[in-house]
Amino acid sequence: MADKMNMEILRYRPEQDEKPWVQKFEVPFTHETSLLEALCYIKDNLDGSLSFRWSCRMAICGSCGMMVNGTPRLACKTFLRDYAGEVMRIEPLANFPIERDLVVDLSDFIEKLERIKPYIIPKEEKKDDEEYLQTPTQLEKYHQFSGCINCGLCYAACPQYKLNKEFIGPAVIALAYRYNLDSRDAGMKQRLELLNQESGVWSCTFVGYCSQVCPKGVDPASAIQLSKIHSTTDYIISKITPGAD
Amino acid sequence: MFEVTKKEAPSKRKPFNRPVEANWWTRKKFYTMYMIRESSVLFAMLFALELLAGMICAATGNDTSCLIKWINFMASWPVKIVNVIGLFAVLYHTYTWFNLMPKAQRLMVKGEPMPGSFVKVALYGALFITSLVAIALAATGLLSI
């Protein structure tokens, strides 16, 4: 026997609506029903016009981020049983423009992600048959920060990004830090050009909520504070070695 | 040959930016605690200003009237109450800061990351020792009067 969940969903249809509005649904659920399944139920049975993004259903594609009772979460990793007896309020991911219903425009995040070059920039290109070797100890240095799935939950959690869209943001800095720590990478100098700016690491005031909401256990708040050390070291070195490249 | 003419449909895009409400930090306990953490520094600043005023008075040479005024000011009840609140605010700030420090100080020993409690224990130890030194200095200062 399935229980019923009262859900309030923020709707916004750009061709009809001036501003978002709330639509209420009653959705049956069992112990295993995820929020993503509940949304699919609504789309299949109650209102086919509801738009939301999803793909993998297993917390790896990072598509289904949304606000659940004010907290950024992945819909596929959120279960209705944990909200039994409450009303679930579902809104699109905070701090991003709403494109339609629960779909947001993440272009700002993607553009910033491209800017910090989130890939290995080797010191010298090796020949096709040569490998870039790495020891487990070298891997351990950055491994914690390599789990990012680019879901954007940390941006929705960040008050600094809310107040200042210039801020490059938690996930991007975490990825920059991840590549800066990689023993095969030599691109730190290029990334520091962005990280050193006020809109880089220095816009972060260590609220720390980004690390709380990350569905993959990455710690962006830590990566930002540790990147501040990189940035400070770079500044001091540039002061004591003027003219150096 | 067919020529395909492509008609561009006008875009229906109209992204909606939600306004930032002034009370955003009251909506979630985490943000509220963050704001309390950050604002606790105002009390520390206030106490620093009080001490600075005392030092300026003490440095005004032989005229002790300024210093006496300052001592009376510090002994007044409103200032005492503000300073006691300030003490708790600073202790809370210290507690939250020490909780966050392991994130800003990552210790690796033999390639393995150390648990955050290592950093915290070191910080509380340093706080304890510096507090003891400060109390000892204050006590010897008082004894010599």
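Residues numbered from 1 in each chain as written. Chains lettered and ligands numbered in written order. Predicted model: local features only at pLDDT ≥ 70, side-chain atom pairs only at ≥ 80, totals over all residues. Heavy atoms only, no water.

Observations regarding the overall build of chain A
So, point 1. In terms of regular secondary structure, chain A is built from nine helices and seven strands.
So, point 2. The C-alpha extent of chain A, read off along each of the three principal axes, is 70 × 40 × 30 Å.
So, point 3. For chain A, the residues scored as buried account for 51% of the 245 residues in total.
So, point 4. Across chain A, contacts joining residues at least 24 apart in sequence account for 64% of those joining residues at least 6 apart. (Helix = DSSP H or I, 4+ residues; strand = E, 2+ residues; numbered from the N terminus. Buried < 20%, exposed > 50% of the residue type's maximum accessible area, 1.4 Å probe, protein only. Contact = heavy atoms within 4.5 Å.)

Details of the sheet that holds strand E2 (residues 21-29) of chain A
Residue and element names in this part refer to chain A.
So, point 1. Strand order in the open sheet formed by five strands is E2-E1-E5-E3-E4, with mixed pairing between adjacent strands. Each edge of the open sheet is held by one strand with a lone partner, namely E2 and strand E4 (71-74). Averaged over all pairs of adjacent strands, the angle between strand axes in this sheet comes to 35 degrees, irrespective of strand direction.
So, point 2. Across four bridges, the pairing between strand E3 (residues 65-68) and E4 is antiparallel. Paired with methionine 66 across the strands is arginine 73, a residue of E4.
So, point 3. Taken strand by strand, helix H1 (residues 35-46) contacts strand E1 (3-11), E2, E3 and strand E5 (87-92), and its axis lies near 105 degrees from that of E2. (Pairing = 2+ DSSP bridges. Axes fitted to C-alpha atoms, helices over the stretch in contact; angles between N-to-C directions.)

Observations concerning the nonpolar core
Residues and elements named next belong to chain A.
So, point 1. In terms of nonpolar packing, the biggest core is built from 71 residues, with Met7, Leu35, Leu39, Met88 and Ile90 touching the most fellow members.
So, point 2. Not counting the four nearest positions on each side in its chain, leucine 35 is found in contact with Met7, Met66, Val68, Ala75, Thr78, Leu80, Met88 and Ile90.
So, point 3. In terms of nonpolar packing, the next biggest core, distinct from the first, is built from nine residues, Phe145, Leu181, Ala223 and Leu226 among them. (Core = buried A, V, L, I, M, F, W, Y, C linked by side-chain atoms within 4.5 Å.)

Focus on the pattern of salt bridges
Residue and element names in this part refer to chain A.
So, point 1. In the structure shown here, the tally under the stated rule is 17 salt bridges over all chains.
So, point 2. For the salt bridge of aspartate 17 with arginine 13, the shortest nitrogen-to-oxygen distance reads 3.0 Å.
So, point 3. Here glutamate 111 and arginine 115 are joined by a salt bridge, their closest N and O atoms 3.2 Å apart. You can see glutamate 111 and its partner arginine 115 sitting in helix H2 (residues 107-115), four residues apart, about one turn around the helix.
So, point 4. Salt bridges here are not isolated pairs; linked through shared partners, they connect Glu8, Arg89 and Glu91. (Salt bridge = Lys/Arg side-chain N within 4 Å of Asp/Glu carboxyl O.)

Regarding the state of the cysteines
What makes a disulfide is a covalent bond joining the sulfur atoms belonging to two cysteines.
So, point 1. Under the counting rule described, the total for this entry stands at one disulfide over all chains.
So, point 2. One disulfide in the model links Cys57(B) with Cys66(B); its S-S distance is 2.0 Å. Across the S-S bond linking Cys57(B) and Cys66(B), the dihedral sits near -45 degrees, which makes this disulfide left-handed.
So, point 3. Assessed through its relative accessible area of 25%, Cys66(B) is described here as partly exposed.
So, point 4. The thiol of Cys64(A) is not disulfide-bonded; the next cysteine sulfur, from Cys76(A), is found 3.7 Å away.
So, point 5. Classification of Cys64(A) as buried rests on a relative accessible area of 4%.
So, point 6. We note that Cys158(A) lacks a disulfide partner, and the nearest cysteine sulfur, in Cys210(A), lies 6.6 Å from it.
So, point 7. Looking at Cys158(A), the relative accessible area reads 10%, which means it is buried. (Disulfide = S-S within 2.5 Å.)

Structural notes on a nonpolar patch on the surface
So, point 1. A surface patch of nonpolar side chains, amounting to about 570 Å² of accessible area, comprises Val41(B), Leu42(B), Met45(B), Leu49(B), Leu52(B) and Ile56(B).
So, point 2. Among the secondary structure elements, Leu52(B) is positioned in helix H1 (residues 29-58). (Patch = residues over 30% accessible without salt bridge, like charges linked within 9 Å, V, L, I, M, F, W, Y side chains within 5 Å. Areas by Shrake-Rupley, 256 points an atom, 1.4 Å probe, with all protein chains shown as cover.)

Side note on the domain arrangement of chain B
So, point 1. According to the domain assignment, chain B consists of domain 1 (26-90) and domain 2 (105-145).
So, point 2. Taken over C-alpha atoms, the centre of domain 1 of chain B sits 23 Å from the centre of domain 2 of chain B. (Domains from an automatic or database assignment.)

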